[in-house]
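Next come the chains, spelled out residue by residue.
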Amino acid sequence: NAGVTQTPKFHILKTGQSMTLQCAQDMNHGYMSWYRQDPGMGLRLIYYSAAAGTTDKEVPNGYNVSRLNTEDFPLRLVSAAPSQTSVYLCASSPRGPANTGELFFGEGSRLTVL
Amino acid sequence: AQRVTQPEKLLSVFKGAPVELKCNYSYSGSPELFWYVQYSRQRLQLLLRHISRESIKGFTADLNKGETSFHLKKPFAQEEDSAMYYCAIRSGTYKYIFGTGTRLKVLA
């Protein structure tokens, strides 16, 4: 099992451009989420999905997600702003009795917005 | 408001010295707490959870509901313990609140 895979690992884009960060997991986990990781700020939840076909957001604007199937949970930056410069972490966990509370993280995508 | 506080951004200790990483929480309900660790160039991973009451890599953490704390402790620090440590609380079935993290540096 590869676990949680994120692409790209690094990317630079300009203000106003759009970008999609990919996240895929091969563990058949129902729950998936996106966090941003900033120095001194810890991890902040952006979006989560409890199952394919459902999504919920935690931050108001600037991001969009889709959950068309169990495996994939892409995060789209609609019109990038410098404040979105961050490391983005994707995480998954199983639903139901198999859920022990552990989140399984990807390696992260480091995004710089100029 | 639900919150996790890690008051130390950086903690430096000498090899062999005891380590305590502080974590305080604010949560209405029965909390479920975790410690995650991120070693250099590795992904974030679970270190331990309070429900298991286990010792992982020599680390332990006890939930103190009276003081609303979940401090991470190790009696003798090792150089390979140097990493970023995050305390987290489970808020709802699939939502988690993380602290701001503490970087632990173990000096030779």
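As shown above, the structure is provided for reference.
Note that this is a predicted model, so its numbers are computed, not measured. (Residues numbered from 1 in each chain as written. Chains lettered and ligands numbered in written order. Predicted model: local features only at pLDDT ≥ 70, side-chain atom pairs only at ≥ 80, totals over all residues. Heavy atoms only, no water.)

Caption draft 1: Layout of the pattern of salt bridges. A full pass over the atoms with the stated rule returns nine salt bridges over all chains. Between Arg43 of chain B and Glu107 of chain A there is a salt bridge; the shortest N-O distance is 3.9 Å. Here Arg43 of chain B is found in the loop between β5 (33-38) and β6 (45-49), whereas its partner Glu107 of chain A is found in the loop between β10 (104-105) and β11 (109-113) on a different chain. According to the relative accessible area criterion, Glu107 of chain A is partly exposed, its value standing at 46%. Salt bridges sharing partners connect three or more residues here, namely Lys9 and Glu107 of chain A together with Arg43 of chain B. (Salt bridge = Lys/Arg side-chain N within 4 Å of Asp/Glu carboxyl O. Helix = DSSP H or I, 4+ residues; strand = E, 2+ residues; numbered from the N terminus. Buried < 20%, exposed > 50% of the residue type's maximum accessible area, 1.4 Å probe, protein only.)

Caption draft 2: Representation of the interface of chain B and chain A within the structure. The interface is formed by 17 residues belonging to chain B together with 26 residues belonging to chain A. Linking chain B with chain A are nine residue pairs in polar contact (both at pLDDT 80 or more), by the criterion used here. Of all elements in the fold, only β5, β6, β9 (83-90) and β10 (96-98) of chain B reach the threshold of two or more residues within the side of chain B that touches chain A. Sort the elements by how many residues they give to the side of chain B that touches chain A and β5 of chain B lands first, with three residues. (Contact = heavy atoms within 4.5 Å. Polar contact = N/O pair within 3.5 Å; in protein donor to acceptor, adjacent residues only side chain to side chain.)

Caption draft 3: Fine view of the state of the cysteines. Residue and element names in this part refer to chain A. In the structure shown here, the tally under the stated rule is two disulfides over all chains. Note on cysteine connectivity: Cys23 is disulfide-linked to Cys90, with sulfurs 1.9 Å apart. On the sign convention where negative is left-handed, the bridge of Cys23 and Cys90, at about -75 degrees about the S-S bond, is left-handed. You can see Cys23 sitting in strand β3 (residues 19-25) and its partner Cys90 sitting in strand β9 (residues 86-93), a full 67 residues away along the chain. (Disulfide = S-S within 2.5 Å.)

Caption draft 4: Layout of the pairing of strand β2 (residues 10-14) of chain B. All names here are of chain B. Only one face of β2 is buried: it carries Leu11 and Val13, and the other face, with Leu10, Ser12 and Phe14, is open. Pairing of β2 with strand β11 (residues 102-107), which is carried by five bridges, proceeds in the parallel orientation. The residue bridging Ser12 from the neighbouring strand is Lys105, located in β11. (Pairing = 2+ DSSP bridges.)

Caption draft 5: Molecular detail of the environment of Lys105 of chain B. Residue and element names in this part refer to chain B. Along the chain, Lys105 turns up in strand β11. Residues Lys105 and Leu11 lie 94 residues apart in sequence; the distance between their C-alpha atoms is 6.2 Å. With residues up to four places along the chain from it excluded, the contact list for Lys105 reads Leu10, Leu11, Ser12, Val13 and Ser82.

Caption draft 6: Broad picture of the sheet that holds strand β1 (residues 4-7) of chain A. All names here are of chain A. Taken in spatial order, the four strands make up an open sheet running β1-β3-β8-β7, and their pairing is antiparallel. Where the open sheet ends on each side, the last strands, each with one partner, are β1 and β7 (63-65). Taken over all neighbouring pairs, the strand axes of this sheet differ in orientation by 20 degrees on average, direction set aside. Bridge count between β1 and β3: four bridges; the pairing is antiparallel. Residue pairing in the sheet places Thr5 in a bridge with Ala24 of β3. (Axes fitted to C-alpha atoms, helices over the stretch in contact; angles between N-to-C directions.)

Caption draft 7: Inspection of the pairing of β9 of chain A at higher detail. Judged by how many residues are buried, β9 of chain A sits mostly within the fold: eight of eight residues are covered. Taking every second residue as pointing to the same face, both faces of β9 of chain A are buried, with Ser86, Tyr88, Cys90 and Ser92 of chain A on one and Val87, Leu89, Ala91 and Ser93 of chain A on the other.

Caption draft 8: Unusual backbone geometry, seen in detail. Between Thr7 of chain A and Pro8 of chain A the backbone carries a cis peptide bond, its omega angle lying at -5 degrees. In this fold, Pro8 of chain A is placed in the loop between β1 and β2 (10-13). Even without glycine at this site, Asn28 of chain A takes up a positive phi of about 60 degrees. With respect to the helices and strands, the residue Asn28 of chain A is situated in the loop between β3 and β4 (31-38). Its identity is not glycine, yet Thr68 of chain B carries a phi of approximately 45 degrees, on the positive side. On the secondary structure map, Thr68 of chain B appears in the loop between β7 (60-61) and β8 (72-74).

Caption draft 9: Structural context of the sheet that holds β8 of chain B. Residues and elements named next belong to chain B. The strand order across the open sheet built from three strands is β3-β8-β7, with neighbouring strands paired in antiparallel fashion. Of all the strands in the sheet, just β3 (19-21) and β7 have a single pairing partner and so form its edges. In terms of strand pairing, β3 meets β8 through three bridges, oriented antiparallel. Bridge pairing in β8 links Leu21 to Leu72.

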